[in-house]
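Architecture and fold: a report
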Amino acid sequence: MFDTRAYLVEFKDGSVSEYTANIIAENIYSQVDSEGRSYAILHEISGHRKEPGVAVDRENGYITSSNGNKVPKRTTRGWDLLVEWKGGEQEWIPLRDLKDSNPIEVAEYAVANEIVDEPAFAWWAREVLRQWRRIVSKVKSKYWRTTHKFGIRLPHNVEEALRIDKETGTDFWARAIEKELRKVKVAWEVREDLDINDVRMGRELIGYTEIKCHMIFDVKMDFTRKARFVAGGHVTDAPSSITYSSVVSRDSVRLAFLIAELNGLDIMACDIGNAYLNAPCREKVWFLGGVETGEDRGKVLVITRALYGLKSSGASWRATLASTLVEVGFEATQADPDVWRRPARRDDGTEYYELCLVYVDDILLVSHDPKPSLLLIGATYELKEGSLGAPETHLGAQVYQHYLRDGRKAWGMSSEKYVRNGVSIVEGLIREDGDNYHLKSTAKVPLPSTYKPELDITEELGPKLISRYRQLIGILRWAVELGRVDIYYEVTTLSHYLASPRAGHLEAAYHIFAYLKAHPKFSIVFDPKDPVLDEAAFANVGVHEWREFYGEVAEELPPRMPEPRGNAVHITCFVDANHAGNVVTRRSHTGILIYVQNAPIMWYSKKQNTVESSSFGSEFVALRIAKEMIVALRYKLRMFGVPIQGPAAVLCDNQGVVKNASLPESTLSKRHNAINYHVVREAAAAGIIRVGKEDGDSNLADAFTKCLDRPRRYNLFGRIGYSSMFHGEMPPSKWAVDDVEQPDAQDRGRVKLIH
């Protein structure tokens, strides 16, 4: 502001002082948020008053219900509470308003002043306090119940950590705390000029909120002690700025490994240490230094960096890293904003796109020479020691080089370590129950082929086991994301009962873990080899033959699509539907598996939203969903700069659906399927897909629509993934499948090879 005028300002005590316009404006802005709103923060409730003749007396505080019971009147009229705000002002507030905004404080005041039996409080105050104490006790009991990890005692505060060191004659936790403090001290500004009481009363740091900060502790898999300083951001209101922070999708990660192998590119990874501390804090918060802050204990500390725990920290860090990537020439792809693209050229003149994938502070870079770019990022941010190099794990999955029978290599992804850890956790939970149960090690399939969870009539679970059931399903769902597609359908069906599971559903979840215990090894491999398809499965229809029905339709290309570079890819999709598979609701179940080249990239298993009267209708619903997934995948590939070779090959085992979707002259006799029918056919006319016939025995998507018996499972999953479970059982297949000994066989066992 360039206003140099001065004004005489009169204060409440009658004094007058001269201030410039800039000073006045800064003072006004400091008392409001970025949108001009001011907030009154409750300091304490200091009094109450009851209006005679308006407030309900105790003798009239009940009504008699139809069955003769006395029920408290739900009323707050006639009561006001004297409130003192953080700024020192006092104000009488109606009980009904303060009860809505600060119910716990009002209830505690009523108990302390012995007015909780008044009708205005009796019907709600004790119940609010009861619920609050129950929530707090559950959170505390869960936190304090975790006492050990990997056999090492976990502290819950700094004092306990130092006490453990003293008792054991070590300094492991002290060194972990010291290491964290060295890094985190940049996150706050020490304000020794401020008095704590003045700040808390709102006379200083106007507009700032006081929060608590503390240390949390963990033990890494190599038994290294870890301390993390976190902020109590749960006590602050959501800031007006954007707090959402996206991360790279799993299918984008799979595509990156495939693209790298397809174009002969290298992949390197790095992990940015204390990433959030590199970003500015977007919130006005301060805290009182405790024992965790060392020499700053007892001082007013204003947070200036994006500490872990604050609502806006994730978004602030993402924006900071994004600006760095833009500076070094990367551009975010619109299809996935956490995949960054940069034009590049090899020494031989070949042009391609470098891809940078970001998951919070984990970075994957696809390039013919990725190290210089990662070192450039490392010059701006501190990289974790030993994190720069070829990826070994990513988001919980093991990443490795898979040797194919013909001598080629391809990236592979395995969830073996995650699965073993998950099984170990579940076995620990079962031991805690003390019922002498254990996971069987002889389970051959996740669930029997005759299992129907919708028919389960066992007793409903209590709150403790409901939480247990949800925890188990959460572990299993992430295993599916990491590539354990062999349990996908079973996990999907059990996920339908998260709201109110039964004992039988919990037993089924345990059975899946027993299967994983017996078969922990399953990998998917991103083979860049071109797929070989039987062209006899597809109708030979020219584009001009569709024009009579759908006109000059064509695939819509993205407006900001980069020029394609590198080798082109083929898309193959398997589609199936289990018609009326749910015997209670008679809804069908859709299964979809999409390959890019010879690599499984996307999978889908879900109950359909409508009830279809025929298998024709349910298959067309599945085909429409597959078409939408393919359109999204083609858009993503194009925005990554990857050339696409022709329409996607969609393989379906229903002859009627194939005929109606691939022959322009076919007519529809079932009008209620018209939308799905025309959506699919128009995609065929536009050259997005072509639909062909696949035998039911070899349709890989069938594995995602129902529980299968053991021979059928091995037949299908032996073509999708690589696992020691297939050793010695050669499933019949029109794809060549052989056993092959992999390097490091003692770790991975014998595997199946897909061509």
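Everything below is about the structure shown above.
Sequence order as written defines the numbering, with residues in each chain counted from 1. Whole-chain, interface and lining totals are the exception, using all residues; otherwise, since this is a predicted model, local features are given only for residues with pLDDT of at least 70 and side-chain atom pairs are given and counted only at 80 or more. Hydrogens and water molecules were not included; the side-chain quantities draw on all heavy atoms of the structure.

1. Observations regarding the overall build of the chain
What counts, and what does not: A helix here means a DSSP run of H or I that spans at least four residues, while a strand means a run of E at least two residues long, and both kinds are numbered starting from the N terminus. The buried label goes to any residue with under 20% of its type's maximum accessible area, the exposed label to any with over 50%, and the partly exposed label to all in between, with areas taken from a 1.4 Å probe on protein chains only. We call two residues contacting when some pair of their heavy atoms lies within 4.5 Å.
Along the backbone of the chain there are 21 helices and 31 strands. Buried residues in the chain amount to 48% of all 755 residues. Intrachain contacts of the chain at a sequence separation of at least 6 include 69% that bridge at least 24 residues.

2. A few points about the environment of Asn 567
Here Asn 567 shows up in the loop between α16 (543–550) and β25 (571–578). Owing to a relative accessible area of 40%, Asn 567 belongs among the partly exposed residues under this scheme. Residues Asn 567 and Ile 644 lie 77 residues apart in sequence; the distance between their C-alpha atoms is 8.7 Å. Ignoring sequence-local partners within four residues, the contact set of Asn 567 consists of Leu 262, Asn 263, Val 642 and Pro 643.

3. Concerning the packing of aromatic side chains
What counts is decided by this rule: The aromatic pairing rule takes the rings of Phe, Tyr and Trp, using the six-membered ring of Trp, and pairs them if the centres are within 6.5 Å, calling planes under 30 degrees apart stacked, those over 60 edge-to-face and the rest tilted. Note on geometry: a ring has a charge over it if NZ (lysine) or CZ (arginine) is within 6 Å of the ring centre and within 35 degrees of the ring normal.
For the coordinates displayed, the defined rule picks out 17 aromatic pairs. Here the aromatic rings of Trp 173 and Phe 217 are separated by 5.6 Å at their centres, their planes lie at 85°, and the arrangement is edge-to-face. In this pair, Trp 173 sits in helix α7 (residues 172–184) while Phe 217 sits in strand β12 (residues 213–219), placing the two residues 44 residues apart along the sequence. Phe 217 matches Trp 173 in its accessibility class, with the two residues each being buried. Taking 5.4 Å as the distance between ring centres and 50° as the angle between the ring planes, the aromatic pair formed by Trp 188 and Phe 229 counts as tilted. Of this pair, Trp 188 sits in strand β10 (residues 188–190) while Phe 229 is found in strand β13 (residues 225–231), placing the two residues 41 residues apart along the sequence. Of the two residues, Trp 188 and Phe 229, neither departs from the other in class, the shared state being buried. Feature note: the residues Tyr 488, Phe 522, Phe 704 and Phe 717 constitute an aromatic cluster, connected by ring pairs. Here the guanidinium or amino end of Arg 225 rests over the ring plane of Trp 173, the centre of that ring lying 5.9 Å away.

4. A word on the sheet that holds strand β17 (residues 331–333)
Sheets are built from strands that pair by backbone hydrogen bonding, the pairs being arranged parallel or antiparallel. This is how it is decided: Pairing between two strands is assigned when DSSP locates at least 2 bridges connecting them. Axis lines are fitted through C-alpha atoms, for helices just across the contact stretch, and the angle between N-to-C directions can take any value from 0 to 180 degrees.
Read from one edge to the other, the open sheet built from five strands follows the order β14-β20-β19-β18-β17, with strand pairing classed as antiparallel. Each of the sheet's edge strands pairs with one partner strand only, and the pair in question is β14 (266–271) and β17. Sheet twist, expressed as the mean angle between neighbouring strand axes with direction ignored, is 30°. Of the strand pairs in this sheet, strand β19 (residues 351–359) and strand β20 (residues 362–367) are connected by five bridges, and their pairing is antiparallel. Directly across from Cys 356, in β20, lies its bridge partner Leu 365.

5. Details of a nonpolar patch on the surface
The criterion, for reference: By definition, no residue in a patch forms a salt bridge, and every one has over 30% relative accessible area; like charges are joined within 9 Å, nonpolar side chains (Val, Leu, Ile, Met, Phe, Trp, Tyr) within 5 Å. Throughout, the Shrake-Rupley method with a 1.4 Å probe supplies accessible areas, and for residues the shown protein chains are the sole cover considered. A side-chain nitrogen of Lys or Arg and a carboxyl oxygen of Asp or Glu constitute a salt bridge if their distance falls within 4 Å.
A surface patch of nonpolar side chains, amounting to about 240 Å² of accessible area, comprises Leu 455, Val 583 and Val 584. For Val 583, a relative accessible area of 30% translates into the label partly exposed.

6. So, the packing of helix α6 (residues 158–168) against α7
Put simply, the test is: Should an angle fall under 35 degrees it is taken as roughly parallel, and over 145 as roughly antiparallel, whereas 65 to 115 is taken as roughly perpendicular and any remaining angle as oblique.
The contact between α6 and α7 brings their axes to 7 Å, and the two run at 140°. Considering their axes alone, α6 and α7 lie oblique with respect to each other. Seen from α6, the contacting residues are Val 158, Ala 161, Leu 162, Ile 164 and Asp 165; seen from α7, they are Phe 172, Trp 173, Ala 174 and Ile 177.

7. Some points on the side chain of His 402
Basically, it comes down to this: Identification of polar contacts relies on pairs of N or O atoms within 3.5 Å, with a donor-acceptor requirement for protein atoms, meaning one able to donate a hydrogen and the other able to accept it, and with residues adjacent in sequence counted only if both atoms are side-chain atoms.
Topologically, His 402 is positioned in strand β22 (residues 397–403). By relative accessible area, which is 0% here, His 402 ends up buried. A polar side-chain atom of His 402 sits 3.1 Å from a polar atom in the side chain of Tyr 400.

8. Topic: the pattern of salt bridges
Oppositely charged side chains can pair when the atoms bearing their charge come close. A full pass over the atoms with the stated rule returns 40 salt bridges. Residue Asp 171 pairs with Arg 175 through a salt bridge whose shortest N-O separation is 3.1 Å. Using a relative accessible area of 38% as the deciding quantity, one classes Asp 171 as partly exposed. Residue Glu 481 is joined to Arg 250 by a salt bridge in which the shortest nitrogen-to-oxygen separation is 3.2 Å. With Glu 481 in helix α13 (residues 463–481) and Arg 250 in helix α9 (residues 250–262), the pair connects residues that are 231 residues apart, well separated along the chain. The class for Arg 250 is partly exposed, based on a relative accessible area of 26%. It is possible to trace a salt-bridge network through shared partners that takes in Lys 50, Asp 57, Arg 58 and Glu 118.

9. Here's the deal with the state of the cysteines
In protein chemistry, a disulfide is the covalent bond that joins the sulfur atoms of two cysteines. In plain terms, the rule: Criterion for a disulfide: a pair of cysteine sulfur atoms at a distance within 2.5 Å.
Applying the stated rule across the entire model yields zero disulfides. Cys 356 takes part in no disulfide bond, and the closest cysteine sulfur to it belongs to Cys 270, at a distance of 7.7 Å.

10. A few points about the pairing of strand β27 (residues 599–607)
In this sheet, β27 lies alongside strand β26 (residues 589–596) in antiparallel orientation, the contact comprising eight bridges. By the bridge assignment, Ile 592 is partnered in β27 with Tyr 604. In this structure, the hairpin formed by β26 and β27 is closed by a connection of two residues, where Gln 597 is found at a positive phi of approximately 55°.

11. Focus on the environment of Pro 448
Tracing the backbone through its elements, the reader meets Pro 448 in the loop between α12 (416–433) and α13. On a C-alpha basis, the gap between Pro 448 and Glu 490 in space is 9.8 Å, while along the polypeptide they are 42 residues apart.

12. Comments concerning a negative patch on the surface
So the rule is basically this: Only four residue types enter the tally: Lys and Arg on the positive side, Asp and Glu on the negative side; His and the chain ends are excluded. Note that the charge is assigned to NZ on lysines, CZ on arginines, CG on aspartates and CD on glutamates.
The grouping of Asp 266, Asp 347, Asp 348 and Asp 369 at the surface amounts to a negative patch. Mapped onto the elements, Asp 266 comes out in strand β14.

13. Some details on the nonpolar core
Convention followed: The term nonpolar core refers to a set of buried residues drawn from Ala, Val, Leu, Ile, Met, Phe, Trp, Tyr and Cys, joined through side-chain atoms within 4.5 Å.
Phe 257, Phe 513, Phe 526, Ile 594, Leu 623 and Ile 689 are the most contacted members of the largest nonpolar core, which totals 119 residues. Considering each element in turn, this core owes the most residues, 11 residues, to helix α17 (residues 615–639). Among the nonpolar cores identified, the runner-up in size contains 28 residues, and Trp 188, Cys 213, Met 215 and Leu 310 belong to it.

14. Some details on the side chain of Asp 486
Looking at the secondary structure, you find Asp 486 in the loop between α13 and α14 (488–494). Accessibility expressed as a relative area gives 1% for Asp 486, which makes it buried. Only 2.8 Å separates the side chain of Asp 486 from the side chain of Arg 484, close enough to count as a polar contact. Among the polar contacts listed, one links the side chain of Asp 486 to the side chain of Tyr 515, at a separation of 2.8 Å.

15. Points about unusual backbone geometry
A positive phi is found at Asn 274, a non-glycine position, where the angle reads about 45°. By the secondary structure assignment, Asn 274 is in the loop between β14 and β15 (285–288).

16. Details of the pairing of strand β23 (residues 409–414)
Most of β23 sits out of view: five of its six residues are buried. Judged from the six bridges that link them, β22 and β23 form a sheet pairing that is antiparallel. Among the inter-strand pairings, Gln 401 is bridged to a residue of β23, identified as Trp 411. Counting the residues that bridge the hairpin from β22 to β23 gives five residues, and of these Gly 407 lies at a positive phi of roughly 95°. By the bridge criterion, three bridges tie β23 to strand β24 (residues 523–525) in an arrangement that is antiparallel. Paired with Met 413 across the two strands is Ile 524, which belongs to β24.

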